[in-house]
Amino acid sequence: MFEVLQNDTLAPNVHRLVIRAPRIAKARKSGQFVIVHPEQGGERIPLTIADADPQAGTITLFVQAVGPSTLQIVGTPAGGSLQDIAGPLGKETEIERWGRVACVGGGVGTAVLYPLARALADADNEVTTIIGGRAKPFIILADELAEFSREVLITTEDGSLGRQGFVTNALQELIDDPERCPQAIFAVGPVPMMRAVCELSRPYGIKTIVSLNPIMIDGTGMCGGCRVKIGNETKFACVDGPEFDGHQVDFALLVDRLTMYREQEAKLIGELPPELQKKIIKVKK
Amino acid sequence: MKKNLSHKEIMAIKRVKMPEQDAQERSRNFKEVNLGLSKEQAIREAQRCLQCKSQPCVDGCPVRVRIPEFIEALAEGDLPEAAHILLADNTLPAVCGRVCPQEDQCEIRCVRGAKSGPVAIGYLERFVADWAMEHPEELPTGSTPQASGKSVAVVGSGPAGLTMAGELAHMGHSVTIFEALHDTGGVLRYGIPEFRLPKRIVDLEVTRLQNLGVTIECNIIVGKTMTLEELSEQFDAVFIGNGAGLPVMLDLDGENLKGVYSANEYLTRVNLMGAWRSDFPTPIIHGRQVAVIGGGNTAMDAVRTARRLGAERAIILYRRSEAEMPARIEEIIHAKEEGIEFILLAAPLEILGDEQGWVTGLRCQKMELGEPDASGRRRPVPIAGATFELEVDVVVNAIGTRANPLLTATAPNLKLSRKGNIETDSTGATNLPGVFAGGDIVRGGATVILAMGDGKNAAAAIDAYLNKGA
Ligand SMILES: Cc1cc2nc3c(=O)[nH]c(=O)nc-3n(C[C@H](O)[C@H](O)[C@H](O)COP(=O)(O)OP(=O)(O)OC[C@H]3O[C@@H](n4cnc5c(N)ncnc54)[C@H](O)[C@@H]3O)c2cc1C
Ligand SMILES: Cc1cc2nc3c(=O)[nH]c(=O)nc-3n(C[C@H](O)[C@H](O)[C@H](O)COP(=O)(O)OP(=O)(O)OC[C@H]3O[C@@H](n4cnc5c(N)ncnc54)[C@H](O)[C@@H]3O)c2cc1C
Ligand code: SF4
Ligand code: SF4
Ligand code: FES
């Protein structure tokens, strides 16, 4: 059993959970994730380790409720516990000194981006952060990111905070400005966002790294369910990733495979009580 | 009882038939297929044993179960004694009695085989083991061993690791099993389905180990959560039994279509994650027409699972003929009875899909058998121009597994074979002091009882190693 020590709501249905997991906290490197199995008989859900405190023996997860399992995880109060957490899994981020780096986050992806951006800044990169969301309440961690970013650009679809539009609009401006044009881009968020960022940066040949979120079970290379296509090769995202060169990613396949259980998921969500159904964020694919 | 039987009478007893669930009915449920012998049936079958002096059957068993001895006790109706003998040699008899390829191991050596069929050693083992589980109070309680003060880490809770833990605990060593998944048993849990090995049995075996004082820590991926080096520092010895759990992909066009699974994923969703139960949230695609590629136990388990999940047509596609199939004969017979179709001498060329990315079919190549290959089986060769298409909506790849490099990648000094399996000497010792290994990680995909034999063997070597150090 893994005790939840803290559970804060950051945005509608995006929660920050601090959990006691001393071994994972000690072993964890930036970019890695855990698999959370909230209760006996539940699903195994991959979640990025946003932060870890080896001294305190805790890890921090940011979780967005998009279905029954994530809803159950965010619904675990401080003092409650999660049955199983396994990790850290996946490769660690290769932090290089690129020079100017743009970090682009969308939705809960911003949370995943946060430790990455900080590690890049710590490695003497000049970090510009772009975060986007549907509307103001969905913009998270802007202040925390500002602490080490040269600037934080915010876009919202309805214009309720920052600039109206998408993260790609802000990124385009950055690229167009010779003084600020990044040497590398890190993008984490909904698949359509990562895809759009990659399409935008491709003609400029700017290295673009994305963090992929296919459906997983074990997270250890055992099932092959998380396979993604990178260039001409099939890779297992849980052991070969989750971060990949975005210009090589077959996004169409990723989007497609994420819909594999759409019917079953819809049915399960349909069986939830209406007040819980309302709590689930519709994610764009 | 037996004493009263003449040789002629003994020879006249026919081999028992295992009572089974009706094929039609069982092909739609996940309840156990074999129902087990009654006490009368078991005793009568035990009476068939001739108590051969040379004990050829024992030579066929990788852990050398004292077969005639336990059968004799059973024939005399002394179940506690039969159980006592069996459990001393085999830590997981209820498992082996169900899944061992007896027909190739102990039973094939039985002298009664030629004329009237071998003594049903596997069925008897199962009977005695099940009886023992239901009557723990009638078993002699072994004396608690003297604590040795030594500690051993066991990586993986499959049959190799469980056997190792049981042996070491009996020797008085303090044992901790580290398991990557959230539940124990390895392939016994996530691979072999409920209808062949009820998970209740795995649970009972694991509880028995815990009662012996073995600590089990799930969710520890050695190589990620902890390294082999850390284990070596914290424990006096380490045993690696992490299996061969990496799926070999088909490497065909269409392999990433929705509805294409590795057998590992398909069986894990069903067995470990409970996708067959309506009260579990794990989804799975219930194909109407399912093709499983391969001819081993894994393929049989997957195809029979597909049938139970409602497939109207559940097909085995195998590139050689039935004679070369590595699956147990009993599983092949059961599969046929359950309406599984066998398309033999055929290999997949391409997986076909629709515009939405779902599988719609398989394009296959017809094969014929040529010269024997390295494995001694006749090599399948394509018949030029002979291809055909099958309409399917789920494809399961059961062509095999390899060693998972997660652990070994973080232990650069550990000696591996070219295929990535751990190399050991005959005692199970690796090239690193105090580090032993066994089971599928050493052998490649093998059997439960071979993995257990490795565990037992290496336990003796570890005990010797620990005592030498003392
Ligand atoms: C490496 C990795 C890191 C991730 N990190 C985070 C994170 O830090 N915070 C966060 O909120 N989410 C993260 N996710 C996504 C998260 O795992 C899914 O949102 C979650 O599994 C959905 O489960 P559910 O039962 O609540 O929803 P469901 O009802 O099952 O599904 C809702 C949606 O999630 C998708 N989905 C379902 N199962 C999975 C799965 N196992 N993996 C990925 N997507 C799935 C479905 O396609 C659907 O679009 C990560 C995913 C991966 C692979
Ligand atoms: C579907 C299927 C059906 C089979 N049917 C039969 C049969 O009928 N009869 C028969 O004799 N054999 C059968 N086999 C083969 C048999 O199950 C295996 O040979 C046997 O289980 C091997 O045992 P093992 O202990 O070496 O490994 P496994 O059973 O594979 O157990 C290894 C364990 O280690 C864990 N692990 C892996 N990596 C790590 C890590 N890094 N850290 C911690 N833990 C880790 C795994 O999660 C797993 O629990 C079958 C196999 C399959 C897949
Ligand atoms: S363990 Fe397997 S091989 Fe040995 S006697 Fe039992 S069934 Fe036969
Ligand atoms: S070979 Fe057959 S008959 Fe002889 S002892 Fe073994 S089981 Fe009995
Ligand atoms: S999640 Fe099973 S192989 Fe990646």
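Cut-offs applied
Residues numbered from 1 in each chain as written. Chains lettered and ligands numbered in written order. Predicted model: local features only at pLDDT ≥ 70, side-chain atom pairs only at ≥ 80, totals over all residues. Heavy atoms only, no water. Near = heavy atom within 4 Å. Nonpolar A, V, L, I, M, F, W, Y, C, P; charged D, E, K, R; others polar. Axes fitted to C-alpha atoms, helices over the stretch in contact; angles between N-to-C directions. Helix = DSSP H or I, 4+ residues; strand = E, 2+ residues; numbered from the N terminus. Parallel < 35°, antiparallel > 145°, perpendicular 65-115°, else oblique. Left-handed = near helix turned anticlockwise from the far one by under 90°. Contact = heavy atoms within 4.5 Å. Buried area = accessible area lost by both parts, 1.4 Å probe. Salt bridge = Lys/Arg side-chain N within 4 Å of Asp/Glu carboxyl O. Polar contact = N/O pair within 3.5 Å; in protein donor to acceptor, adjacent residues only side chain to side chain. Core = buried A, V, L, I, M, F, W, Y, C linked by side-chain atoms within 4.5 Å. Buried < 20%, exposed > 50% of the residue type's maximum accessible area, 1.4 Å probe, protein only. Pairing = 2+ DSSP bridges. Patch = residues over 30% accessible without salt bridge, like charges linked within 9 Å, V, L, I, M, F, W, Y side chains within 5 Å. Areas by Shrake-Rupley, 256 points an atom, 1.4 Å probe, with all protein chains shown as cover. Phe/Tyr/Trp six-rings, centres within 6.5 Å; stacked < 30°, edge-to-face > 60°.

Neighbouring ligand 4 are the residues Cys49, Leu50, Gln51, Cys52, Pro56, Cys57, Pro68, Cys110, Val111 and Ile121 of chain B. Class assignment for the residues of the shell around ligand 4 results in 9 nonpolar, 1 polar and no charged.

All right, on to the packing of helix α15 (residues 297-308) of chain B against helix α16 (residues 329-337) of chain B then. All names here are of chain B. Running from N to C, α15 and α16 cross one another at 25 degrees; their axes reach a closest spacing of 10 Å. Classified by the angle between their axes, α15 and α16 sit roughly parallel to one another. Considering the relative orientation of α15 and α16, their crossing is left-handed. Taking contact as the criterion, the partners of Asn297, Met300 and Arg304 in α15 are, on α16, Glu331, Ile332, His334 and Ala335. Of the residues that constitute the contact of α15 with α16, the class distribution is 3 nonpolar, 2 polar and 2 charged.

Interfaces are often sized by the amount of accessible area the parts lose when they come together. Listed by partner, the interface residues are 42 residues for chain B and 40 residues for chain A. Regarding the contact of chain B and chain A, the summed buried area is about 3300 Å², with carbon and sulfur atoms giving 56% of it. Joining chain B to chain A, the criterion identifies 3 salt bridges. Across the salt bridge formed by Asp256 of chain A and Lys258 of chain B, the nearest N and O atoms sit 3.0 Å from each other. Applying the counting rule to chain B against chain A returns 19 residue pairs in polar contact (both at pLDDT 80 or more).

So, on to the nonpolar core. Residue and element names in this part refer to chain B. Ranked by internal contacts, the top residues of the largest apolar core, which has 74 residues, are Ile67, Phe70, Ile71, Leu74, Leu124 and Ile462. The dominant element in this core, judged by the number of residues it contributes, is helix α19 (residues 448-469), at 9 residues. Contact partners of Ile67, with chain neighbours within four places excluded, come to Cys57, Val58, Cys61, Cys106 and Ile121.

In this section: the pattern of salt bridges. Residue and element names in this part refer to chain B. Scanning all chains against the criterion turns up 44 salt bridges over all chains. Among the ionic pairs, Arg26 bridges to Glu337, the shortest N-O distance being 2.7 Å. Pair noted here: Arg26 is in helix α2 (residues 23-26) and Glu337 is in helix α16, with a separation of 311 residues, a long-range link. Judged by its relative accessible area of 0%, Arg26 falls in the buried class. By relative accessible area, Glu337 is classed as partly exposed at 40%.

Our next topic: helix α8 (residues 251-258) of chain A. Residue and element names in this part refer to chain A. Extensive coverage of α8 is indicated by the burial of 6 of its 8 residues. Turning to α8, its buried residues are Phe251, Leu253, Leu254, Val255, Arg257 and Leu258. On its buried face, α8 sits against α6 (191-201), β13 (207-211) and β14 (227-230). Between the side-chain oxygen at the start of α8 and the backbone nitrogen of Ala252 there is a gap of 3.3 Å, and the oxygen is on Asp250.

Our focus in this paragraph is the sheet that holds strand β1 (residues 151-155) of chain B. Residues and elements named next belong to chain B. Here 5 strands make up an open sheet; going across it, the order is β3-β2-β1-β4-β15 and the pairing parallel. Pairing within the sheet leaves two strands with one partner each, and these edge strands are β3 (215-217) and β15 (435-437). Between one strand axis and the next, the sheet turns through 20 degrees on average, direction left out of account. With 3 bridges joining them, strand β2 (residues 174-178) and β3 adopt parallel strand pairing. Along β3, the bridge assignment pairs Thr176 with Thr215. Running at roughly 165 degrees to β2, helix α10 (residues 159-170) makes contact with β1, β2 and β4 (237-240) of the sheet.

Time to look at a nonpolar patch on the surface. All names here are of chain B. On the surface, a nonpolar cluster with roughly 220 Å² of combined accessible area is contributed by Met11, Leu50 and Val111. When you line up the elements, Met11 lands in helix α1 (residues 7-12). You can call Met11 partly exposed: its relative accessible area is 33%.

All names here are of chain B. Inspection of the entire model under this criterion finds 6 aromatic pairs over all chains. Arranged with centres 6.1 Å apart and planes meeting at 55 degrees, the rings of Phe30 and Phe195 form a pair that is tilted. Taken together, the residues Phe30 in the loop between α2 and α3 (39-46) and Phe195 in the loop between α11 (187-190) and α12 (199-211) connect sequence positions 165 residues apart. Across the pair, Phe195 and Phe30 agree in class, each one buried. Ring centres of Phe178 and Phe235 lie 5.8 Å apart, and the angle between their planes is 80 degrees; this geometry places the pair in the edge-to-face category. With Phe178 in strand β2 and Phe235 in the loop between α13 (228-234) and β4, this pair connects stretches of sequence that are 57 residues apart.

Our next topic: the side chain of Thr282 of chain B. For Thr282 of chain B, the position within the fold is in the loop between α14 (263-272) and β7 (289-293). Separated by 3.1 Å, the side chain of Thr282 of chain B and the backbone oxygen of Met273 of chain B make a polar contact. Residue contacts for Thr282 of chain B: discarding those within four places in its chain leaves Gly42 and Glu43 of chain A together with Arg269, Met273 and Ala275 of chain B.

The subject of this paragraph is the sheet that holds strand β10 (residues 346-353) of chain B. Residue and element names in this part refer to chain B. Read from one edge of the open sheet, 3 strands run β10-β11-β12, paired in antiparallel fashion. Bordering the open sheet on either side are β10 and β12 (378-391), each of which pairs with just one other strand. Averaged over all adjacent pairs, the angle separating strand axes in this sheet is 20 degrees, with direction ignored. For β10 and strand β11 (residues 359-372), the ladder comprises 7 bridges, and the chain directions are antiparallel. Bridged to Ile351 within β11 is Leu362.

Further remarks concern the environment of Gln32 of chain A. With respect to the helices and strands, the residue Gln32 of chain A is situated in the loop between α1 (22-27) and β3 (33-37). The contact partners of Gln32 of chain A, leaving out residues within four places of it in the chain, are Ala27, Thr48, Ile49, Pro88, Leu89, Gly90, Lys91 and Glu92 of chain A together with Lys224 of chain B. Only 2.7 Å separates the side chain of Gln32 of chain A from the backbone nitrogen of Lys29 of chain A, close enough to count as a polar contact.

Once that is clear, we can look at α16 of chain B. Residue and element names in this part refer to chain B. Along α16, the positions that sit buried rather than exposed are Glu330, Glu331, Ile332, His334 and Ala335. Looking at the buried positions of α16, the neighbouring elements they touch are α2, α9 (121-134), α15 and β9 (341-344). Directly beyond the C-terminal end of α16, a positive phi value near 90 degrees is found at Gly339.

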